[in-house]
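# Notes for the structure review
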Amino acid sequence: MTPIRNIVILTGAGVSAESGIATFRGPGGLWEGHRVEDVCTPQALRRDPELVHRFYDERRAKLAEVEPNAAHRALARLDAEWAGELLLVTQNVDDLHERAGSKRLIHMHGELKSALCAECGKRAPHEGSLPPGSACPTCASPALRPDIVFFGEMPYAMHVIERALEQADLFVSIGTSGAVYPAAGFVHSARRMGIATLEMNLDPSEGSMMFDDSRRGPAGERVPEWVDEMLG
Ligand code: NAD
Ligand code: ZN
């Protein structure tokens, strides 16, 4: 076994669950009471922009009521103290990793506190509600939309993530169901490249069998334990 120097960590909605943010596939397979197809696709945005914008306005407003939990804090501590390469790739659109202090962080599915211009493609930090037709600060088109990567759209920074995986000795997946691609495929890439793989999740995920090691339990307990192990 080569000593571990470079780490890629993938997080999903499960890491924020103990902060009080609902996971994706809650009761009945709904996200906060909505079918995923109604709030997470380019078609939904075209069909009912009011609904889709309001949905993300509510998610954005909720951020003011929640705090990072022990898992976010432990990952921020690992980032601060880990001497090797480290990349935290989150599928989450909340801002809890950065509020906990993580710096080497990529939001591959976008961010609630950002707006994307459908006209010029520029992204800009955004607070508060974002009604359809809001003007882009760059090109002035009334074309701002939530900066969320919908199904069928390309996640952000895929080349950076792929390069980090190529350099990694360990791939860790935390609180994700392994149902959303391409993130769900990172473990396959890691295995192909001979990288060690570890999963931490409350329930067995769709990809659990793919990992060398799979630990069950709440992220707020498993992640601080693992970070203690890593920092010795
Ligand atoms: P998911 O809801 O499909 O899966 C969450 C996983 O976390 C499940 O396997 C569940 O067993 C596990 N889990 C639940 N509570 C946990 C806990 N306390 N500790 C550890 N694990 C726990 O979420 P996903 O795989 O991230 O995919 C959903 C997509 O939905 C993502 O792309 C994301 O952009 C979006 N989403 C984001 C947020 C957020 O930003 N917080 C919330 C909901 C959905
Ligand atoms: Zn623009």
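The sections below set out a description of the structure shown in this document. Predicted model only: the values in this text are computed from it and were never measured.

The number of helices and strands found in the protein chain is nine helices and nine strands. Relative to the 2.2 N^0.38 estimate, which gives 17 Å for 232 residues, the radius of gyration of the protein chain is 18 Å and therefore close to what a compact globule would have. Considering the protein chain as a whole, with its 232 residues, one finds that 50% of them fall into the buried category. Across the protein chain, the fraction of contacts at a sequence separation of at least 24, relative to all contacts at a separation of at least 6, is 64%. Accessible surface, the protein chain: about 11,100 Å² in total, of which carbon and sulfur atoms supply 52%. Averaging the coordinates of the 24 positive side-chain charges in the protein chain and doing the same for the 33 negative ones gives two points 2 Å apart.

Now for the packing of aromatic side chains. Scanning the model with the defined rule gives eight aromatic pairs in all. Ring plane angle 20° and centroid distance 6.2 Å describe the contact between phenylalanine 24 and phenylalanine 151, whose orientation is recorded as stacked. Of the two residues, phenylalanine 24 sits in the loop between α1 (14–17) and α2 (36–39) while phenylalanine 151 sits in the loop between β6 (144–148) and α7 (158–167), which places them 127 residues apart along the sequence. Above the face of the phenylalanine 55 ring, arginine 59 is positioned so that its terminal group lies 4.6 Å from the ring centre. Over the face of the ring belonging to tyrosine 156 we find arginine 123, whose NZ or CZ atom lies 3.6 Å from the ring centre.

A few words on the coordination of the zinc ion (ligand 2). For the zinc ion (ligand 2), the protein coordination sphere consists of Cys117 (SG), Cys120 (SG), Cys136 (SG) and Cys139 (SG), at 2.3 Å. Its four donor atoms give the zinc ion (ligand 2) angles of 105 to 115° at the centre, a pattern that matches the tetrahedral case. When the donors of the zinc ion (ligand 2) are listed by position in the chain, the intervening gaps give C-x2-C-x15-C-x2-C. Within this pair, whereas cysteine 120 is found in the loop between β4 (110–117) and β5 (123–125), its partner cysteine 139 is found in the loop between β5 and β6, the two being separated by 19 residues in sequence. Classification of cysteine 120 by relative accessible area gives partly exposed; the value is 35%. Given a relative accessible area of 31%, cysteine 139 falls into the partly exposed group.

What follows deals with the sheet that holds strand β3 (residues 105–107). Within the open sheet, the six strands sit side by side as β3-β2-β1-β7-β8-β9. Their pairing is parallel. This sheet does not close on itself; its edge strands, each paired only once, are β3 and β9 (213–216). Neighbour-to-neighbour, the strand axes of the sheet open up by a mean angle of 15°, direction not taken into account. Where strand β1 (residues 7–11) and strand β2 (residues 86–90) come together, five bridges link them in parallel fashion. Across the sheet, residue isoleucine 7 finds its bridge partner in β2, namely leucine 86. Most of the contacts of α7 go to β2, to which it runs at about 135°, and overall it touches β1, β2, β3 and β7 (170–174).

Below, the discussion takes up the nonpolar core. One finds Ile9, Leu78, Val172, Ile174, Val223 and Trp226 to be the most contacted residues of the largest nonpolar core, which totals 20 residues. Looking at this core, the elements that each hand over two or more residues are β1, α5 (70–81), β2, β7, β8 (196–201) and α9 (219–231). Per element, the largest residue contribution to this core is five residues, and it comes from α9. With residues near it in sequence (within four places) discarded, isoleucine 174 still touches Ile9, Leu10, Thr11, Gly12, Val15, Leu75, Met200, Asn201, Ala219 and Val223.

Looking now at the pairing of β8. Of all six residues in β8, five are buried, a share of seventy percent or more. Pairing geometry for β7 and β8, over five bridges, is parallel. In the sheet register, leucine 170 faces β8, and the bridge partner there is alanine 196. Between β7 and its parallel partner β8, the chain crosses via helix α8 (residues 186–192), and the hand of that crossover is right-handed. One ladder, built from four bridges, connects β8 with β9; its direction is parallel.

Calculation criteria
Residues numbered from 1 in each chain as written. Chains lettered and ligands numbered in written order. Predicted model: local features only at pLDDT ≥ 70, side-chain atom pairs only at ≥ 80, totals over all residues. Heavy atoms only, no water. Helix = DSSP H or I, 4+ residues; strand = E, 2+ residues; numbered from the N terminus. Rg over C-alpha atoms; globule rule 2.2 N^0.38 Å. Buried < 20%, exposed > 50% of the residue type's maximum accessible area, 1.4 Å probe, protein only. Contact = heavy atoms within 4.5 Å. Areas by Shrake-Rupley, 256 points an atom, 1.4 Å probe, with all protein chains shown as cover. Lys, Arg positive; Asp, Glu negative; His and termini not counted. Charge placed at Lys NZ, Arg CZ, Asp CG, Glu CD. Phe/Tyr/Trp six-rings, centres within 6.5 Å; stacked < 30°, edge-to-face > 60°. Lys NZ or Arg CZ within 6 Å of the ring centre and 35° of its normal. Donors = N, O, S within 2.8 Å, 3.2 Å for Na, K, Ca; no water. Tetrahedral: all angles 85-135°; square planar, octahedral: opposite > 155°, others 65-115°. Pairing = 2+ DSSP bridges. Axes fitted to C-alpha atoms, helices over the stretch in contact; angles between N-to-C directions. Core = buried A, V, L, I, M, F, W, Y, C linked by side-chain atoms within 4.5 Å. Right-handed = clockwise from strand over helix to strand, strands pointing away.

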